[in-house]
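Commentary on secondary and tertiary structure
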Amino acid sequence: MARLLIIGSLEAELGQAARIAIARGARLTQAEGVTAALTLLRAEGADLVLCDVLHDIGWLVQGMVAERIVCPIVACGRTSDAEAAVRAIRAGAKDFLPLPPEPDLIAAMLQTAAAGAEAPVHRDAAMLRLLESATTLARADASVLITGESGTGKEVLARHIHASSRRSRGAFIALNCAALPESLLESELFGHEKGAFSGAVALRRGKFEQADGGTLLLDEIGEMDPRLQAKLLRAIQEREIDRLGGAGPVKIDVRILAATNRDLAREVAAGRFREDLYFRLNVIRLRIPPLRERAADILPLAEHFAQRYAQANGLPSRDFTPDARELLLGHTWPGNVRELENAIHRAVLMAGGEVIGVDAIELSAMPARAEPATAVPVLAIPAASAPKPGKPVAALVGRRMEDVERELILETLSHCLGNRTRAAELLGISIRTLRNKLHEYRASGLPVPPAPGTVMPEALPVG
């Protein structure tokens, strides 16, 4: 269930968008202006903001950056007001929603904001056993550690656990620990008091308080800074948190779910993850098998994604040809369910005629990756950056390693349209390592592709 904040009057077309969102299961809050909206974001947070272009979106974006509030903003307005749409995007809005709103477009935005809140799609016996175990364990209140390769659906399983638990009527809050630098992550988790830092003009409740009475998912927990690990451990043990700049602890009632694609036991042995926190999180452990180990799920998932993206794009539902089905079943899916979803999304858009054939399906040439045996990042050349005809491997001979690495990172980032998380996955490095490299390149005067539609902390001016 996505938490949606609408900024503007609900008497006209924004009200229609609100009704569509509620019908699709969203939890709605509304503010008449950006000042009231910022107050609500401090107190309650949101997964998505829809803001009328008549309001000062630039002021809102600047306020959110100053107060370390991370949430996508979508500008809303009539298609005839093209200049306002351009201004909103330049001011930091992630997207533009034409009014009057289309139900399928609202649904797609909510689904993206909720990061796959639907029930798991499965047919394989291994997944059936896993989900049965998860449903049984959901009734307890113990912490759960969900492991598995990137793209296997760890957040989908976490949402299933929440929906099957006694806390299902409470909020489900997810936070990607790898997507934010340490300073932002601490504020996102624990909140802050007025005056805690420059820009903290009012009290703000963090994810722990937003999830009070519900469930908090800490995704990519292995990427968390050791200093924050200590603070997280205290929050779990004492069931209380300390806001930044706070004078005293705040009691919380939250169930913790954690997810990682790393081997945390090895991280503990290497001194990169606290042993006491590992045991606190690893009360119950659920491993999601990679897609190549549950082949019976491939076609049901492909059919599910084909129907979803056909509806989202106003296209007719189409079946796969026998050759296309054979192609999907024969692929190793190194990117797992996320790779399958992206491939089917493209196939739905590219296919002509009444069926989806092999010509519309583009598959990665990347080798399958096993569960990481070490936390040391190793650069793996993705298919998008592999040597092309006319650019032989021999051309790399004699070049410095750092020059080749820099070219690989920047080309991969450009291929991913600036998406840091996706680029890091393709390169086989952590998001933190990627960020550090980009800081180095920018400091040396090299152009770095910007993140799509967001104001990234790394792009903020110094001083």
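The text that follows walks through the structure, step by step, so that each part is easy to find.

**A few points about the pairing of strand β8 (residues 215-219)**
Burial analysis of β8 places five of its five residues in the buried class, which makes it a mostly covered element. Judged by which residues are buried, β8 turns out to be covered on both faces: Thr 215, Leu 217 and Asp 219 on one side and Leu 216 and Leu 218 on the other are all buried. Sheet topology places strand β7 (residues 172-176) next to β8; five bridges connect them, and they run parallel. Looking across to β8, one finds that Leu 175 is bridged to Leu 218. Across four bridges, β8 lies against strand β11 (residues 255-260) in parallel orientation. From the neighbouring strand, Leu 217 faces β11, where its bridge partner is Leu 257.

**Considering unusual backbone geometry**
Look at the link from Leu 99 to Pro 100: it is a cis peptide, with omega at 0°. Mapping Pro 100 onto the fold places it in the loop between β5 (95-99) and α5 (103-114). Positive phi outside glycine occurs at Arg 239, with the angle close to 55°. Relative to the helices and strands, Arg 239 is located in the loop between α10 (226-238) and β9 (240-241).

**Some words on the pattern of salt bridges**
Tallying each qualifying case throughout the model produces 31 salt bridges. Between Arg 205 and Glu 209 there is a salt bridge; the shortest N-O distance is 3.8 Å. For Glu 209, a relative accessible area of 15% puts it in the buried group. The structure contains a network of salt bridges with shared partners spanning Asp 141, Arg 167, Arg 239 and Asp 253.

**Brief notes about the sheet that holds strand β4 (residues 73-78)**
Ordered in space as β2-β1-β3-β4-β5, the five strands form an open sheet in which the pairing is parallel. Bordering the open sheet on either side are β2 (27-31) and β5, each of which pairs with just one other strand. If you compare each strand with its neighbour and ignore which way they point, the axes differ by 25° on average. For strand β1 (residues 3-7) and β2, the ladder comprises five bridges, and the chain directions are parallel.

Conventions adopted
Residues numbered from 1 in each chain as written. Predicted model: local features only at pLDDT ≥ 70, side-chain atom pairs only at ≥ 80, totals over all residues. Heavy atoms only, no water. Buried < 20%, exposed > 50% of the residue type's maximum accessible area, 1.4 Å probe, protein only. Helix = DSSP H or I, 4+ residues; strand = E, 2+ residues; numbered from the N terminus. Pairing = 2+ DSSP bridges. Salt bridge = Lys/Arg side-chain N within 4 Å of Asp/Glu carboxyl O. Axes fitted to C-alpha atoms, helices over the stretch in contact; angles between N-to-C directions.

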